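Next come the chains, spelled out residue by residue.
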Amino acid sequence: MLRNRNVWLALFHALIFGGCAACADDWPQWLGPQRDAVWRETAIVEKFPTNGPPVLWRANIGAGYAGPAVAKGCVYVADRQLAEGVKNPSDPFQRGKIQGSERVVCLNEIDGKILWKHEYDCPYTVSYPAGPRVTPLVSDGKIYSLGAEGNLFCLEARKGQVLWSHDFKKDLGVQTPLWGFSGHPIIDGKQVICLAAGEGSTVIAYDKDSGKELWRALTAKEPGYSSPMIFEAGGKRQLIVWHPEAVNSLDPETGKVYWTEPFKARSGMTISTPRKMADLVFFSCFYNGSLAMRMDPDQPKAKPIWRTEKMSEKETTHLNAVMCTPFLEDGYIYGVCSYGQLRCLKADSGERVWETFQATTSGDPVRWANAFIVKNGARFFLFNEKGDLIIAKLTPKGYEEISRAHLLEPTNTAAGRDVLWSHPAFADRHMYARNDKELICVDLAAR
C-alpha cells in the first residue's frame, strides 16, 4: 500500500511540475548537467518536514560507489554482484582476485522498477572492492559506463544493447590501479574522453558513436582517480587532466599538450575533481594539500598563485580533500578536508576563513570523513557519509544549517566505521541516492 501511495505521489508531482521542460532538469552525468555541482531547478523544499522528506520508492541493487544518473524518465546506476559463495575480504585494503560481475542497471524514474540491466563477468583485483566507482554518462540516447576494472561500454539507453566496448587492460596492456578506474568520462562534441592508463595513454578519446580511438596522450606512472574537465581560457577550450605527477592542459580535439604544472600526489590520490572560478583553477588532495593556478586570459598558459608546501594528512594548512569536490564561489572555496573539516578558504591566497565538523562528524575529527556538496539557489545540499541530507548556507561568515534528514544507512566499511561514499543525483525535484543495498528516490519538491 505504501509503495502504491508513493507511486501515485510521484505521478502527481510529474503532472504538476513536469509539464514545463524548463522547470525540471535531468542529472545525466557526474556533478550534473553542466558538470559543475549546481542543481538549477526551482520550487525546491526550503526546510524538511519533521519526519523528513518523503521517500517515494526503494529499489534493491548491488554494491558500489558509483552515483546514479537520471535522464529522460530513467535512472541509471552501476553495481557489483558477487559470485555465489564469494565474500569481500574483511580488510578493504586487501587485494586478490574476487569473482563476480558488474552491472549497468536502468530503472523507471517513476516507480524504481528495473527496465533492463547489462551484466558482464568482472573478477575484481582492486582495493576497496565494493563495486564500480563511475557514474554512468547519458548523452544522445546512449549510456557510457566505465567499470572498476577498466571495462568501458557504450549502451543504447532504452534497451541496454551494447553498441561498442573497450577493455583498458587488454587494449592498453595495463594493470588496474589500486582503487580501480575511477575518472568519470566526459563528452566533448563527437568524442568521449576517458582517464585510462599506460605509456602515452593516460588519457584517451574515442568516437562516441563508433568507439573508434581518436587520440591518446600523456604518460604517468599511475593515472590517479580524478575526472577530466574542459574549461575555456586564453581563447582556447582546455581539457584539464590531473594525474599524480602533474596538472595538464590539453587541446580536447587532438590531445596536444598546452601546459603542464608539476603537482605530486602521494599514493596516487588525485581524486577530487578540478574546479574553476573566473581565471582560477583549483586542485586538492589528501596528503599534499592544494594548488591554485591562474589561467592566462590571452593564451593557453597558466601559473601557480599558491600551493600547500607541507605534506601532511593531519597538520593541514589549506584544504586536503579526499573524495569531496570543492565548490568555488564569489572568491571563496568550500570543501571537506582530510578529517572531516568543512572549510572555507580565500581563493586568492588559501587563507582559512572558518571550519566546522557539524556537517560531517558532528564533533570529532574522523579520517576521510566526507560530505558531497551541491548548490541550489542561495543554499547548498550536503549529503554526508552517514546518509544525512543537509540544507545549509555556506558563506564567508560561516556554516548555517537549515535542515537535516537521515535518508539512507551507511553500509560500507572504512577506517573502522560504516560509511556511505556515493554521490547523489538531483533531478526532477527529487534526490536519487544509493548505498550497497538499495537506491532511493526522495521527493524534494516544495509543497
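Here we summarise the structure given alongside this text. Bear in mind the structure is a predicted one, so any value in this text is a computation, not a measurement. (Residues numbered from 1 in each chain as written. Predicted model: local features only at pLDDT ≥ 70, side-chain atom pairs only at ≥ 80, totals over all residues. Heavy atoms only, no water.)

Comments concerning the pattern of salt bridges
Move 1: Counted according to the given criterion, the structure contains 22 salt bridges.
Move 2: Here Glu 355 makes a salt bridge to Arg 343, at a shortest N to O gap of 2.8 Å. Taken as a pair, Glu 355 in strand S25 (residues 352-356) and Arg 343 in strand S24 (residues 342-346) lie far apart in primary sequence, 12 residues in all.
Move 3: The class for Glu 355 is partly exposed, based on a relative accessible area of 33%.
Move 4: Here Arg 447 makes a salt bridge to Asp 443, at a shortest N to O gap of 3.2 Å.
Move 5: For Arg 447, a relative accessible area of 67% translates into the label exposed.
Move 6: Several salt bridges converge on common partners, so that one network encompasses Asp 140, Lys 142, Lys 208 and Asp 209. (Salt bridge = Lys/Arg side-chain N within 4 Å of Asp/Glu carboxyl O. Helix = DSSP H or I, 4+ residues; strand = E, 2+ residues; numbered from the N terminus. Buried < 20%, exposed > 50% of the residue type's maximum accessible area, 1.4 Å probe, protein only.)

A word on the environment of Pro 297
Move 1: Its place among the elements puts Pro 297 in the loop between strand S20 (289-295) and strand S21 (302-307).
Move 2: C-alpha of Pro 297 to C-alpha of Glu 232: the two residues are 65 residues apart in sequence and 9.6 Å apart in space.
Move 3: Pro 297 has contacts with Gly 234 and Gly 235, leaving out every residue within four places of it along the chain. (Contact = heavy atoms within 4.5 Å.)

Section: the environment of Asp 188
Move 1: By the secondary structure assignment, Asp 188 is in strand S10 (residues 186-188).
Move 2: A relative accessible area of 11% places Asp 188 in the buried class.
Move 3: In sequence terms Asp 188 and Thr 316 are 128 residues apart; their C-alpha atoms lie 36 Å from each other.

Thoughts on the nonpolar core
Move 1: Core analysis: the largest hydrophobic core is formed by 34 residues, its most contacted members being Phe 381, Leu 389, Phe 426, Met 431 and Leu 444.
Move 2: Broken down by secondary-structure element, the contributors of at least two residues to this core are strand S1 (55-60), strand S3 (74-82), strand S4 (100-108), strand S27 (379-384), strand S28 (388-395), strand S32 (425-427), strand S33 (430-434) and strand S34 (438-443).
Move 3: Among the elements that make up this core, the one with the highest residue count is S34 (4 residues).
Move 4: What Leu 444 contacts, discounting residues up to four positions off in sequence, is Trp 39, Ala 43, Ile 44, Val 45, Phe 48, Pro 53, Phe 381, Leu 389, Phe 426, Arg 429, His 430 and Met 431. (Core = buried A, V, L, I, M, F, W, Y, C linked by side-chain atoms within 4.5 Å.)

Quick look at the sheet that holds strand S17 (residues 257-262)
Move 1: Pairing in this open sheet of 4 strands is antiparallel, and the strands run S14-S15-S16-S17 from one edge to the other. The open sheet terminates on both sides in strands that have one partner only, identified here as strand S14 (229-233) and S17. Neighbour to neighbour, the strand axes of the sheet diverge by 25° on average, direction disregarded.
Move 2: By the bridge criterion, 5 bridges tie S14 to strand S15 (residues 236-243) in an arrangement that is antiparallel. Bridge assignment links Phe 231 to a residue of S15, and that residue is Gln 238. (Pairing = 2+ DSSP bridges. Axes fitted to C-alpha atoms, helices over the stretch in contact; angles between N-to-C directions.)

Thoughts on unusual backbone geometry
Move 1: Residues other than glycine seldom take positive phi values, yet Tyr 128 does so here, at roughly 55°.
Move 2: Mapped onto the secondary structure, Tyr 128 falls in the loop between strand S5 (114-121) and strand S6 (137-139).

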